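Breakdown of the fold
These are the residues of each chain, in order.
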Amino acid sequence: MSEIERKTPIRLSKSSVGALEKDAVARVLDAGYLGIGEETRLFEEELCQYIGNQREVICVNTGTSALHLSLECLGVGYGDEVIVPSITYLASFQAIAATGAKAVACDVSLETGFLCVDDARKRVSSSTKAIMPVHYASHSKGLTEVYDFARESGLRVVEDAAHAFGCIDNDSKVGALGDVVCFSFDGIKNITCGEGGAIVTGDKQLAQRLRDARLLGVERDTEKRFEGKRSWSFEVRNKGFRYHLSNIMAAIGRVQLERIDTFSKVRRRCAISYARLLAPIEGVRLMDFDYEGVIPHIFVVRVTEGQRDGLASYLRQNNIECGIHYQANHRLDLFKTTYELPKSELLADEALTLPLHAELQEEDVLYIVRKVQEYFDSK
Ligand SMILES: *Cc1c(COP(=O)(O)O)cnc(C)c1O
């Protein structure tokens, strides 16, 4: 086959939405009730079914507010500390900062990008209230150790599972077990609502606080809204926010949930092809990932020998978008640490994310791998 040059960029990530989502939105618009209501109630019920284990599901307007609200309702605030891996989306750090608590960065495993418990141990103080493990690139290896550590140290666990919706860990869906598990349904995640998020927990008391707190702390307002009513006289005892998920967004999410198996097949197949085809290329190091039961949100490799930025710009010249997941947050001015986190720093310098989404074609993967090979051949 002759070398085909791409005229339209291969996107790093994208939503996969179509006629079904349009119909769902139109249905809500026609019904004329756009805020939190019946669609949100049904989406929560369907998420609950999908995740299993009779968990409490509270939908909110973003993944970031899911994290923030969880911490708030656990009583985390000014003077407290929350341990979080340095390699994560800025949202994890800002959600902690929003409570007034201090985000305490810890190191990650170079092979998996997952929080390193041995390092987290060094970060505990008398002010530590919680730990926020991140399901980096949709993988959960290391989560059991986090829970053991949290139990020993008396910490609550708020999982940032923004990448891991629909994934299986320990023979059950992510969210079916664990203390407090937060998902994101933003535009490029495994499923989308446009923007959206959900908190999943087995703690019924916490769940009620979360339901109230997403609607300004008005007690039992969720129950009223689900009946198409609202509270005109009410009691408020706790701080609250406007973090609820609207009917419009929930309607999109309900369609996406029905399509998740199709998305999952494409994402997993592309990730497995990448891993197989990139394995022989020197200069590229695969992460230590097993794709069994995983719906990969992103495909990350490490590019060693200082070649990451060179490879990234070569790929971009060839119309292949790529990204970096992530910069090390402890190097940002706001979250600067006095200590070094060597593995996070190395991963931040070597990580390169290749295109992965539910509309990526097998031939796109072949083209991308060929361009990666070409780059190293030219060195
Ligand atoms: C997307 C994401 C979030 C935030 O979710 P939003 O819905 O975009 O607010 C948090 N953490 C991680 C790791 C994410 O990838």
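Refer to the structure printed above.
Okay, so let's go over this structure. (Residues numbered from 1 in each chain as written. Predicted model: local features only at pLDDT ≥ 70, side-chain atom pairs only at ≥ 80, totals over all residues. Heavy atoms only, no water.)

Describing unusual backbone geometry
- Here the residue pair His325 and Tyr326 is connected by a cis peptide bond, since its omega of 5 degrees sits within 30 degrees of zero.
- In this fold, Tyr326 is placed in the loop between helix 10 (308-317) and helix 11 (342-350).
- Phi angles above zero are rare outside glycine, and Ala137 is one such case at about 55 degrees.
- Relative to the helices and strands, Ala137 is located in the loop between strand 4 (128-131) and helix 6 (143-153).
- In this model, Asp171 sits at a positive phi of 65 degrees, which is unusual for a non-glycine residue.
- The topology assignment puts Asp171 in the loop between strand 6 (168-169) and strand 7 (172-173).
- For Asp171, a relative accessible area of 80% gives the class exposed. (Helix = DSSP H or I, 4+ residues; strand = E, 2+ residues; numbered from the N terminus. Buried < 20%, exposed > 50% of the residue type's maximum accessible area, 1.4 Å probe, protein only.)

A look at the environment of Pro296
- Examined against the element boundaries, Pro296 turns out to sit in the loop between strand 10 (284-286) and strand 11 (299-303).
- Residue classification places Pro296 among the buried residues on the basis of a relative accessible area of 0%.
- Between the alpha carbons of Pro296 and Arg11 there is a distance of 16 Å; along the sequence they are 285 residues apart.

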